[in-house]
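# Topology and contacts: notes
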Amino acid sequence: MTSLRTFRAILWRDVFVTGRELPSFLAQVIIQPFFILFIFAKVLGDIGFVQDDFAAVLLPGIVAMNGFLGALQNTTLPLVLDFSWTREIEDRLLAPIPIPLVAVEKMVFGAVRGLLAAVLMIPIGFVMLDISWPASGLPTALLVIVLGSLAGAAVGMVIGTSVSPRHITVMFAVILTPLLFTGSAQFPWPALDGLRWFQVVCALNPLTYVSEGMRAVLVPGVEHIPLWVCFVVLVAAILGFGALGMRGFLRRALD
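My aim in this report is to walk through the structure given alongside it, one point at a time.

Basis of the calculations
Residues numbered from 1 in each chain as written. Predicted model: local features only at pLDDT ≥ 70, side-chain atom pairs only at ≥ 80, totals over all residues. Heavy atoms only, no water. Helix = DSSP H or I, 4+ residues; strand = E, 2+ residues; numbered from the N terminus. Rg over C-alpha atoms; globule rule 2.2 N^0.38 Å. Buried < 20%, exposed > 50% of the residue type's maximum accessible area, 1.4 Å probe, protein only. Contact = heavy atoms within 4.5 Å. Areas by Shrake-Rupley, 256 points an atom, 1.4 Å probe, with all protein chains shown as cover. Core = buried A, V, L, I, M, F, W, Y, C linked by side-chain atoms within 4.5 Å. Salt bridge = Lys/Arg side-chain N within 4 Å of Asp/Glu carboxyl O.

Within the protein chain one finds 10 helices and 0 strands. When its helices and strands are written in sequence order, the protein chain yields α-α-α-α-α-α-α-α-α-α. Compactness check: the protein chain gives a C-alpha radius of gyration of 18 Å against a globular reference of 18 Å for 255 residues, within 12% of the reference. With the C-alpha coordinates of the protein chain rotated into their principal frame, the extents come out at 60 × 40 × 35 Å. Scored against the burial criterion, the 255 residues of the protein chain give a buried share of 49%. A separation of at least 24 residues holds for 81% of the contacts in the protein chain among residues at least 6 apart in sequence. As displayed, the protein chain has an accessible area near 12200 Å², and 71% of this comes from carbon and sulfur atoms.

Attention now goes to the nonpolar core. Core analysis: the biggest nonpolar cluster contains 50 residues, and Leu37, Val63, Met65, Phe68, Val210 and Met214 have the highest contact counts within it. At the level of secondary structure, the elements contributing two or more residues to this core comprise helix 2 (22–46), helix 3 (54–82), helix 5 (99–129), helix 6 (138–160), helix 7 (168–181), helix 8 (196–203), helix 9 (206–218) and helix 10 (227–253). It is helix 3 that provides the largest number of residues to this core, a total of 12 residues. Discounting chain neighbours no more than four positions away, the residues touching phenylalanine 68 are Gly148, Ala151, Gly152, Val155, Pro206, Leu207 and Val210.

Moving on to the pattern of salt bridges. Think of it this way: side chains of opposite charge can pair up when their charged atoms draw near. Counted under the stated rule, the structure contains 2 salt bridges. Aspartate 46 serves as the salt-bridge partner of lysine 42, at 3.8 Å between the closest nitrogen and oxygen. Highlighted residues: lysine 42 and aspartate 46, both in helix 2, separated by 4 residues, approximately one helical turn. Two residues, glutamate 212 and arginine 215, come together in a salt bridge whose shortest N-O distance is 2.9 Å. Highlighted residues: glutamate 212 and arginine 215, both in helix 9, separated by 3 residues, approximately one helical turn. Here glutamate 212 matches arginine 215 in class, with each residue buried.

Honestly, that's just the spatial picture; any functional story needs more than this.
The structure is reproduced here in structure tokens:
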């Protein structure tokens, strides 16, 4: 019971800090997806370089991308800082809570930020693109985003406990950019049948299953990966990357 109360207190403290850092957080999670939507859906759509229904395909992918990558970044960066310059992690490790729960709190907090980043893009997309989603699909879409954010946080835990601080900027170029463009956020995965090698690459990216899960419930008329496959892969990604990240966290914490 004491551990649970301490877990909630630490999580609430991190959420409170997010409120104090709201302007920088909003800039981090909104600017890039906003311009992707604006250029690829609005501008290219208005001048006729993409089909009229492309916006309906793109928006679920961008929401998925924001949730997954937002959780990944907001798990990775604090870990890198905590284990290097700030050493704030030492205070957490001295709290009356098992060390694995400290790692879980880091992932849950990163996932909360990712979920918030995803939700923020929905009204922006609706206003910019003048589209809507079926209300019946929203609860399932929320579940997909929650799983996607947890998967992103688990991947972030692996990266944050594996990459040294001096290589963090290189990491974002080498890892984040490929994740962004192979996650099927900008295109339906089944449409890559004619480009089989790239389809296989995209299938290895957990973000693909967040994007496809969102399309499965929000734009079911577009060909997509079956929803149950998306759920299975995302749960496997959370468990698999979460276990790897936990092992890395324990190694760094006990050094």
